[in-house]
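Summary of the model geometry
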Amino acid sequence: MHHITTDDETILRGVLDGWKAAVDKHQPDQVAAHFTEDAIFQGLHPYSVGRPGIAAYYDSQPLGLTADYRILETRHPAEGLVLGYLSVDFSFTDRPTLTVHLSILLQQTDHGWAIAHYQVSQLNPTPTAD
């Protein structure tokens, strides 16, 4: 069962479209600007806290990396917070696309909505029975 509210989806897309644009253009500082100052970030490498670690993570990504996301679920756990669960395809110029799941928590700040928590999981496909 999918639970996506229009307001929450609009808020998520407002942040994630900017994140995606910065990822696609390989602008690590712009990517990090979509996060809170103290964001907890977990990509596919050891986690970091704060924008400098996020910028360093995206700076280490190969040129030509692009991200395409699909919102699977949203929740509104409290005023000023929006939770999203997404499927993200990271495409590369020299290797197959990597599909991951992303849990993201947005927080309303004095400057608008920003990512306070970002956690990627790489789910292996379920083997099929022969």
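In this text the structure is predicted, and so the values were computed from the model without any measurement.

This part takes up the pattern of salt bridges. Summed over all chains, the structure comprises five salt bridges. In this structure, Glu9 engages Arg13 in a salt bridge whose closest nitrogen and oxygen atoms are separated by 2.9 Å. With a gap of four residues between them, Glu9 and Arg13 both fall in helix H1 (residues 6-24), about one helical turn apart. With relative accessibility at 25%, the residue Glu9 sits in the partly exposed group. The shortest N-O distance in the salt bridge between Asp24 and Lys20 comes to 2.4 Å. In this pair, Asp24 and Lys20 are both assigned in helix H1, four residues apart and thus about one turn of the helix distant. Looking at Lys20, the relative accessible area reads 22%, which means it is partly exposed. Shared partners join several salt bridges into a network, and the residues in it are Lys20, Asp24 and Asp68.

Here the focus is helix H3 (residues 51-59). When we look at burial in H3, the residues that qualify are Ile54, Ala55, Tyr57 and Tyr58. Seen end-on, H3 carries its buried residues on one side only, within an arc spanning 160 degrees. Residues of H3 that are buried in the fold lie against H1, helix H2 (28-32), strand S1 (35-42), strand S2 (48-49) and strand S6 (112-121).

Strand residues, when the strand is regular, have side chains that alternate between the two faces of the sheet. Of the pairings in the sheet, the one linking strand S3 (residues 66-78) to strand S4 (residues 81-91) comprises ten bridges and is antiparallel in character. Residue pairing across strands places Glu73 opposite Tyr85, the latter belonging to S4. The antiparallel hairpin formed by S3 and S4 contains two residues in its connecting segment, where Gly80 sits at a positive phi of about 85 degrees.

What follows concerns the sheet that holds strand S5 (residues 98-109). The sheet built from six strands is open, its strands ordered S2-S1-S6-S5-S4-S3 with mixed pairing. Each edge of the open sheet carries a strand with a single partner, namely S2 and S3. Direction of pairing for S1 relative to S2: antiparallel, over a ladder of two bridges. Note on S2: the bridge partner recorded for Ile40 is Val49. Its contacts with the sheet put H1 on S1, S3, S4, S5 and S6, and the angle it makes with S3 is roughly 150 degrees. Here H3 sits on the sheet and contacts S1, S2 and S6; the angle it forms with S1, its principal contact strand, is near 55 degrees.

What follows is about the environment of Phe35. With respect to the helices, strands and loops of the structure, Phe35 is situated in strand S1. Separated by 82 residues in the primary sequence, Phe35 and His117 have C-alpha atoms spaced 8.2 Å apart. Setting aside anything within four residues of it in sequence, one finds Phe35 in contact with Trp19, Phe41, Arg51, Ile54, Ala114, Ile115 and Tyr118.

One non-glycine residue with positive phi stands out, namely His26, at about 55 degrees. Locating His26 in the fold gives a position in the loop between H1 and H2.

The subject of this paragraph is the packing of aromatic side chains. In total, this model carries eight aromatic pairs according to the counting rule given. Plain terms: the ring middles of Phe41 and Tyr118 are 4.6 Å apart, the flat faces sit at 20 degrees to each other, and that makes the pair stacked. Highlighted residues: Phe41 in strand S1 and Tyr118 in strand S6, separated in sequence by 77 residues. Exposure remark for Tyr118: the relative accessible area of 2% places this residue in the buried category. Taken together through their ring pairs, the aromatic side chains of Trp19, Phe35, Phe41, Tyr57, Tyr58, Phe90 and Tyr118 make up a single cluster. In this arrangement the basic side chain of Arg95 is found over the ring face of Phe92, its NZ or CZ atom lying 3.9 Å from the centre.

So, how was this worked out
- What you see as residue numbers is a count from 1 along each chain, following the sequence as written.
- With pLDDT at 70 or above as the cut-off, local features in this predicted model cover only qualifying residues; side-chain atom pairs require 80 or more to be listed or tallied, and sums for whole chains, interfaces and linings still use all residues.
- Side-chain numbers come from the whole structure's heavy atoms, not from hydrogens or water.
- Salt bridges are identified by distance alone: a Lys or Arg side-chain nitrogen within 4 Å of an Asp or Glu carboxyl oxygen.
- Helix and strand labels come from DSSP, where a helix needs a run of H or I of at least four residues and a strand needs a run of E of at least two; each type is numbered from the N terminus.
- Any residue under 20% of the maximum accessible area for its type is buried, any over 50% is exposed, and the rest in between are partly exposed; the area is computed with a 1.4 Å probe on protein chains only.
- The arc in question is the one spanned by the directions pointing from the helix axis to the C-beta atoms.
- Residue contacts follow a heavy-atom distance rule, with two residues in contact if any of their heavy atoms lie within 4.5 Å.
- Two strands qualify as a pair provided that DSSP identifies no fewer than 2 bridges between them.
- Interaxial angle, 0 to 180 degrees, is taken between N-to-C directions of lines fitted to C-alpha atoms, where a helix line uses only the stretch in contact.
- The rule is short: rings of Phe, Tyr and Trp, with Trp giving its six-membered ring, pair when the centres are within 6.5 Å, and they are stacked under 30 degrees, edge-to-face over 60, tilted in between.
- In this scheme, Lys NZ or Arg CZ marks a charge over a ring once it lies within 6 Å of the ring centre and within 35 degrees of the ring normal.

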